[in-house]
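Report on the structure
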Amino acid sequence: MPAWRQSSTVSDSSYSYTEPDEYGFSNGCFVRPLCISEAARHRVRCTVDTPEWRLERRRGYVRPPRHLPCGRGCAVADLGECGDRKCGNYRLGEKTWDVRPSFLDFCVEYIRKAVPPGILQTGMVYASLGSGQLLFDWQLLEHLILKEGARLRAVHLIDQDYGGPKRRESAVHAQRVFAGWYHDHRWDDGDDGLCSFRSFLTAADFQKWVQKTGDRAHVLLDCDAVGARKRMDVAAFRRAALRAGGVCLVLSNPAKRTAILNHRKDGLRTLEQEVYRRGEWRHRESVIAAGLGAGGAVDGERLTVGVAVHDRVSGAADFGFMACLIKK
């Protein structure tokens, strides 16, 4: 049996900048898709956005239902996202249930603004940092394809769970389901018009690959990828990963959403940043003003605010200000 058929990925030495490691993984390799029929996709798409579509916590992750109302299995049941009940972005939490759905709307809004319609409809390059088990990525791309008429030229997925010593079979399987869902998606009617799905273990790996190939992203998603951002120059990565005019969309924990543009002349520029407080998204300034207006008290605590000066999203896009809550 050919070696690639035993693996979850398909290597292509002309596009992979590394040789397979001892675990058989090569950065930049193609994801080997599972076979998902058009009928299976149709059944899922007819159920999404109906009352019968209920996400559930299963095996430590928030996932789509195992079965559809018709009794058939759900083709994307093994996709998932963070299932930590204490997470500020937990989708099934009483106070946090709307964080991710409203972040999706935020992403769509800024993709519309940043990506020209001609690119959106003729072949967009999409990259996702810390993509994990890909439920949010699937929801976002489904919206863009079905409701915005988007076409994908390439999808780059970055997570340590996809190979190497920290490989997780559940993440690799989710990646194959994700690629299989779009296995016949075309950005062009020619022979080479199928969307490609590639796999990387770290941001540094993807950054090196992009510098070699030049295949930078129009959209870079960073959805609750706290672990993937550790011990790295975040700003340098975003500049390298995004093409001029591209947009980076970030969901941090505690819930904060940020849209960052890689401006053609000025480099990285924060377009908008909001925090989630009391069931709604608010600009940070309004949260600070509310605390100061109440004599420095927020929820029974005193608020001391300091301003940290940063070079335009320079690595610290998540730290535009400092707030210290001091117990009474």
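Below is a summary of the structure that appears in this document. Here the structure is a predicted model, which means the values were calculated and not measured.

1. As for the packing of helix α2 (residues 99–114) against helix α4 (residues 135–147)
Closest axis-to-axis distance for the α2/α4 pair is 10 Å, and the angle between their directions is 45°. Considering their axes alone, α2 and α4 lie oblique with respect to each other. In this structure, α2 meets α4 at a crossing whose hand is right-handed. Across the interface between the two elements, Arg100, Phe103, Leu104, Cys107, Val108 and Ile111 of α2 pack against Phe136, Gln139, Leu140, His143 and Leu144 of α4. Tallied by class, residues from the contact of α2 with α4 come to 8 nonpolar, 2 polar and 1 charged.

2. With respect to the side chain of His156
Secondary-structure assignment places His156 in strand β7 (residues 152–158). Excluding anything up to four places from it in sequence, His156 contacts Val125, Tyr126, Ala127, Ser128, Arg198, Phe200, Phe206, Trp209 and Asp215.

3. What about the nonpolar core?
Formed by 63 residues in total, the largest nonpolar core has its most connected members in Trp138, Leu140, Phe178 and Leu249. Top element by residues in this core is α2. It accounts for 9 residues. When near neighbours in sequence (up to four residues on either side) are disregarded, Leu140 contacts Leu104, Cys107, Val108, Ile111, Tyr126 and Leu221. Among the nonpolar cores identified, the runner-up in size contains 21 residues, and Ala235, Phe237, Ala241 and Leu268 belong to it.

4. Here we look at the packing of aromatic side chains
Ring pairs (aromatic) are described by centroid distance and by the angle formed between their planes. For the structure shown, the criterion picks out 13 aromatic pairs. Here Phe178 and Tyr182 contribute two aromatic rings whose centre-to-centre distance is 5.7 Å and whose plane-to-plane angle is 80°, an arrangement assigned as edge-to-face. With a relative accessible area of 2%, Tyr182 lands in the buried category. A ring pair is formed by Tyr182 and Phe197, whose centres lie 6.4 Å apart and whose planes are at 10°; its orientation type is stacked. Separated by 15 residues along the polypeptide, Tyr182 in the loop between α5 (169–181) and β8 (196–200) and Phe197 in strand β8 bring together distant segments of the chain.

5. What about the pairing of strand β13 (residues 280–283)?
In this sheet, β13 lies alongside strand β12 (residues 267–277) in antiparallel orientation, the contact comprising 4 bridges. Across the sheet, Val275 pairs through a bridge with Arg282, a residue of β13.

6. Digging into the environment of Arg284
For Arg284, the location among the structural elements is in helix α8 (residues 284–293). Taking the C-alpha atoms as reference points, Arg284 and Lys256, separated by 28 residues in sequence, lie 9.3 Å from one another.

7. Description of unusual backbone geometry
A cis amide bond links Asn253 with the next residue in sequence, Pro254, at an omega value of 5°. On the secondary structure map, Pro254 appears in the loop between β10 (242–252) and β11 (256–263). Positioned with a positive phi, Asp49 is a non-glycine residue whose angle comes to about 70°. When you line up the elements, Asp49 lands in the loop between α1 (38–47) and β3 (56–58). Residue classification places Asp49 among the exposed positions, given a relative accessible area of 65%. Positioned with a positive phi, Arg278 is a non-glycine residue whose angle comes to about 50°. Along the chain, Arg278 turns up in the loop between β12 and β13. Its relative accessible area of 70% is what places Arg278 among the exposed residues.

What counts and how
- Residues numbered from 1 in each chain as written.
- Predicted model: local features only at pLDDT ≥ 70, side-chain atom pairs only at ≥ 80, totals over all residues.
- Heavy atoms only, no water.
- Axes fitted to C-alpha atoms, helices over the stretch in contact; angles between N-to-C directions.
- Helix = DSSP H or I, 4+ residues; strand = E, 2+ residues; numbered from the N terminus.
- Parallel < 35°, antiparallel > 145°, perpendicular 65-115°, else oblique.
- Left-handed = near helix turned anticlockwise from the far one by under 90°.
- Contact = heavy atoms within 4.5 Å.
- Nonpolar A, V, L, I, M, F, W, Y, C, P; charged D, E, K, R; others polar.
- Core = buried A, V, L, I, M, F, W, Y, C linked by side-chain atoms within 4.5 Å.
- Buried < 20%, exposed > 50% of the residue type's maximum accessible area, 1.4 Å probe, protein only.
- Phe/Tyr/Trp six-rings, centres within 6.5 Å; stacked < 30°, edge-to-face > 60°.
- Pairing = 2+ DSSP bridges.

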